[in-house]
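Listed here are the chains, written in short residue letters.
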Amino acid sequence: MLKTKSIAALKPKAPLEAYSFERRNPKAKDVVIDIKFCGICHSDIHMVRDEWGMGSPFPMVPGHEIAGIVSQVGTGVTKYKIGDRVGVGCMVDSCRECSHCKSDLENYCVKGNTMTYGSIEKDGSGITQGGYSDKIVVNEDFVLKIPDNLPLDKAAPLLCAGITTYSPLRHWKAGPGKKVAVMGLGGLGHMAVKIASAMGADVTVLSRSESKRKDALDLGANNFINTSEENAFEKNALSFDLIINTIAVSDLDMSSYFSLLKLDGTLVSVGAPENALSIHPFSLILMRRNYAGSAIGGIKETQEMLDFCGEHNITPEIEVINAKKINEAFERILTSDVRYRFVIDLATL
Ligand code: NAP
Ligand code: ZN
Ligand code: ZN
């Protein structure tokens with residue numbers, strides 16, 4: 001077994017603390033990765049606080065924005081070798097047999113994919129633990145190659161924030177001639193801005209934080225709307241083809257956001273708050289609008305996103321932190337005091 005250092009929540013809602021455990025020895029198709037950096041996603045906070053009522057097992061080592069170096073490979077590994085720069089995102093396995101898995105949509109596996117942490121391994125051998133740790137053992141089919149020009153600390157958040165925004169932007173065809181708005185300028189939101197503008201779309205940020213106006217424009221947005229300003233919604237009615245909602249809370253007046261969509265426009269929720277959103281059908285009925293959701297992306301699409309970011313030199317804005325500052329970082333995320341992703345340096349474990 002591989003002795004592993006980490007930071008974990010020992011029970012739901014508990015602060016994170018140092019925790020040691022053992023990972024499996026690599027099986028034939030497994031890659032062992034020395035984790036160098038791991039991004040902090042707001043989902044890690046929802047999970048540690050058990051806000052989604054998933055009843056996930058504890059102790060829980062969060063972290064699904066993993067970047068590191070291959071340190072060992074199983075006897076049957078063909079895709080990676082020792083020394084490769086690799087990443088792992090939100091999934092480490094899936095059934096591989098259902099029609100979705102067979103269409104490269106493991107993120108929508110009919111039987112449910114195995115999450116990087118908080119899931120039971122498919123063979124029942126244990127529970128998965130995530131990237132706030134110094135190493136991880138993952139089947140090679142769920143390991144991604146990080147392009148040479150992307151530094152590992154900045155590549156880490158692409159594994160969740162990057163793919164979660166890239167996938168709906170591609171699916172709903174963001175590109176030249178399309179007006180795209182992004183709700184919330186946080187970890188996911190700022191990646192949505194960078195990626196959508198690299199795709200050629202006209203991008204607007206919808207934020208309640210006036211202090212982020214300049215950042216939004218620097219990140220590539222063409223426009224910034226302060227949603228707390230009077231008449232902000234009335235003035236911008238019928239403006240957008242696509243809106244990506246990255247907001248992590250539910251007390252939003254969704255009718256106001258829907259009113260910003262053009263005829264046939266689509267609002268996609270990726271933000272996954274603890275509580276339900278309230279929606280009146282009239283805000284969709286009028287103007288034949290669509291409301292949709294999207295979950296991360298498949299492995300093939302995640303590699304495509306990494307290559308796209310490599311080609312366009314797209315990386316997140318990050319603040320690298322010492323592992324001992326984890327609880328402080330969680331608090332700062334909850335008050336939107338992060339510009340725009342915390343990344344843990346695992347050398348500080
Ligand atoms: P984050 O960095 O905390 O960003 C969320 C942003 O939402 C904030 O920066 C803030 O933007 C806005 N916001 C926060 N509180 C708000 C409030 N009370 N009212 C209005 N706006 C508020 O979080 P993240 O890591 O980007 O994650 C965002 C959400 O996506 C989380 O719920 C996470 O679980 C979910 N997620 C989903 C997927 C998926 O596959 N669907 C994948 C990853 C994450 P402004 O300051 O600009 O208003
Ligand atoms: Zn995430
Ligand atoms: Zn499947």
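This section reports on the structure supplied with the text. In this convention, every chain numbers its residues from 1, walking through the sequence in written order. As a convention, the first chain written is A and the first ligand written is 1, with the rest following in written order. Whole-chain, interface and lining totals are the exception, using all residues; otherwise, since this is a predicted model, local features are given only for residues with pLDDT of at least 70 and side-chain atom pairs are given and counted only at 80 or more. Hydrogens and water are ignored here; the side-chain numbers use all heavy atoms of the structure.

Once that is clear, we can look at the site of ligand 1. The criterion for a residue being near a molecule or strand is simple. One of its heavy atoms has to lie within 4 Å of it. Taken together, 29 residues lie around ligand 1, and His42, Ser207, Ser209, Lys212 and Arg341 are the ones closest in. Measuring from an oxygen atom of ligand 1, one finds a backbone N or O atom of glycine 187 at 2.9 Å. Between leucine 188 and ligand 1, the recorded distance is 2.8 Å, taken from a backbone N or O atom to an oxygen atom. Only the protein chains shown count as cover for residues, with accessible areas throughout obtained via the Shrake-Rupley method and a probe of 1.4 Å. Protein contacts shield 90% of the accessible area of ligand 1, which totals 920 Å² for the unbound molecule. Numbered from the N terminus, helices here are DSSP runs of H or I no shorter than four residues, and strands are runs of E no shorter than two. For the shell around ligand 1, the secondary structure elements donating two or more residues are helix H1 (42-48) and helix H5 (187-198). Looking at which element gives the most residues to the shell around ligand 1, the answer is H1, with three residues. By the convention adopted, Pro, Cys, Tyr, Trp, Phe, Met, Ile, Leu, Val and Ala count as nonpolar, Lys, Arg, Asp and Glu as charged, and the other residues, Gly among them, as polar. Looking at side-chain class alone, the shell around ligand 1 contains 13 nonpolar, 13 polar and three charged residues. What qualifies as a polar contact is a pair of N or O atoms within 3.5 Å, subject to a donor-acceptor requirement within protein and to the restriction that residues adjacent in sequence count only when both atoms come from side chains.

This next bit is on the packing of aromatic side chains. For this analysis, a ring pair means two rings from Phe, Tyr or Trp (six-membered ring only for Trp) whose centres lie within 6.5 Å, classed as stacked if their planes differ by under 30 degrees, edge-to-face if by over 60, and tilted for the remaining angles. What the rule picks out here adds up to four aromatic pairs. An angle of 80° between the planes, with centres 5.0 Å apart, marks the rings of phenylalanine 233 and tyrosine 257 as edge-to-face. With phenylalanine 233 in helix H7 (residues 232-235) and tyrosine 257 in helix H8 (residues 254-258), this residue pair connects regions lying 24 residues apart in the sequence. Relative accessibility under 20% of the residue-type maximum defines a buried residue, over 50% an exposed one, and the middle range a partly exposed one, all with a 1.4 Å probe and only protein chains included. With a relative accessible area of 16%, phenylalanine 233 lands in the buried category. Since its relative accessible area comes to 7%, tyrosine 257 is described here as buried.

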